[in-house]
Amino acid sequence: MRLILIGFGNVGKALLRSLIDKRNPLNRLGLRPRIVAVLDRGGGAVDPDGLDPAELLRTDEREGTVAAAPEVGQFGLSPLTAIKEVEAEIVLELTTTNPDTGEPGISHVEAALRNGRHVITTNKGPPALAMRTLQNLAELNNVEFRFSGTVGGGTPILEFVKQIAKVDILSLKAILNGTTNYILTQMYDFEASIEEALKKAQRLGYAEKDPSLDIYGIDSALKLTIISNYALDQEIALNEIHVTGINDVTLEEVRRYKRKGQKLKLVCSIDKEATVSPQPIEASQPICVDGSLNSVQLETRYTGKVTLIGPGAGGYPTASAIINDLLALEGKEQGAKRVLTTEMAGIRVN
Ligand code: HSE
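Residues numbered from 1 in each chain as written. Predicted model: local features only at pLDDT ≥ 70, side-chain atom pairs only at ≥ 80, totals over all residues. Heavy atoms only, no water.

**Observations regarding the sheet that holds strand β4 (residues 73-75)**
- Across the sheet, 7 strands lie side by side as β4-β3-β2-β1-β5-β6-β7; this open sheet has mixed pairing. Of all the strands in the sheet, the pair left with one neighbour each is β4 and β7 (145-146).
- With 4 bridges connecting them, strand β2 (residues 34-40) and strand β3 (residues 43-46) associate as antiparallel partners. Considered in β3, the bridge of V38 is made with A45. (Pairing = 2+ DSSP bridges. Helix = DSSP H or I, 4+ residues; strand = E, 2+ residues; numbered from the N terminus.)

**Brief notes about helix α11 (residues 218-231)**
- With 14 residues, α11 extends 19 Å from end C-alpha to end C-alpha; this agrees with the ideal 20 Å at 1.5 Å per step.
- Here α11 lies mainly inside the structure; 13 of its 14 residues are buried.
- The positive-phi residue at the C-terminal boundary of α11 is D233, with phi of around 55 degrees. (Expected span 1.5 Å × (residues − 1). Buried < 20%, exposed > 50% of the residue type's maximum accessible area, 1.4 Å probe, protein only.)

**Observations concerning the site of the ligand**
- Among the 13 residues in the neighbourhood of the ligand, the closest are listed as G178, T179, Y206, E208 and D214.
- With respect to the ligand, the side chain of K124 contributes an N or O atom lying 2.9 Å from an oxygen atom.
- Residue N177 places a side-chain N or O atom 3.4 Å away from an oxygen atom belonging to the ligand.
- For the ligand, whose free accessible area comes to 260 Å², the fraction covered by protein is 92%.
- Across the shell around the ligand, the residue classes break down as 4 nonpolar, 4 polar and 5 charged. (Near = heavy atom within 4 Å. Polar contact = N/O pair within 3.5 Å; in protein donor to acceptor, adjacent residues only side chain to side chain. Areas by Shrake-Rupley, 256 points an atom, 1.4 Å probe, with all protein chains shown as cover. Nonpolar A, V, L, I, M, F, W, Y, C, P; charged D, E, K, R; others polar.)

**A closer look at unusual backbone geometry**
- Following E103, the chain continues into P104 via a peptide bond in cis, with omega recorded as 5 degrees.
- Note that P104 resides in the loop between β5 (90-93) and α5 (105-114).
- Of note, E71 is a non-glycine position whose phi angle comes to about 70 degrees, a positive value.
- Since its relative accessible area comes to 86%, E71 is described here as exposed.
- Not every positive phi belongs to a glycine, and D233 is a case in point at roughly 55 degrees.
- Here D233 lies in the loop between α11 and β9 (242-243).

What follows is the structure, given as structure tokens:
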């Protein structure tokens, strides 16, 4: 499989480091993705025979852009040109989320799908603002549009919710933003201020490029939109969610709940309506996770409460979601080949 990477931030770099690591599941299965183009703000690097990930990481570290890579670098190369002109099966759209327009992510995804390339994205804009359009476009072009890494980082929240949603769901409650959960934990454990804790979350690579998206609850709302539209089949628009961030949470409030055995968390919920807001949760509840962890709790008529917990932010967990999507794509290709061979051999599979 040949890959084009659009965006070379925290997640893109973690992905390359994961691919270099011989223990990654793609390597173990003998699947060696060939990275034929990497684009960043300065331009890109292109090599149809495959770029050297270690060399790209070194160039980026030294020069601040992969466009400075000797022989393969091209200053000013645009993502849309690379998507249209570089031969590849898969485009990884890893640019930062724009919650207002979804751009430039949506245009990148559209161009890739129209050119018959599968798309894997960790950018929340395209699936939150244009999921149905992009899914239809993918179907029309016989390719896939995958976005596991947009919710839950390395924790497969979307597939978990989709699976449970086959049963009768009564309610969904979740903690979907690693940065704010990390900040609230720092406030609870160490009486840190929001500002201090945010700086740490940024250093750890949890926060958005514009961290106000985390603090004001927008990132959580984008994720709740994706869950609702993808996994619950309940069409909802971002602006229909009632959102309150953690910007006004005070240490006094955190202390007050602590005395009652509760922790203040930025809770996303879908009940009669969809909301994101700081709420106290009993510290003993499974959903009440700390640090950058995410959790989702579904209540169904027959099972009661079912909870999934896992790392929800950071380069490596998110890169692992991309690797899962790559494995799923590869599995489908292999499946298609198998069906073809069986059909060609005149064997009927019941
Ligand atoms: N800023 C996001 C978070 C990154 O803190 O959860 C993962 O989507």
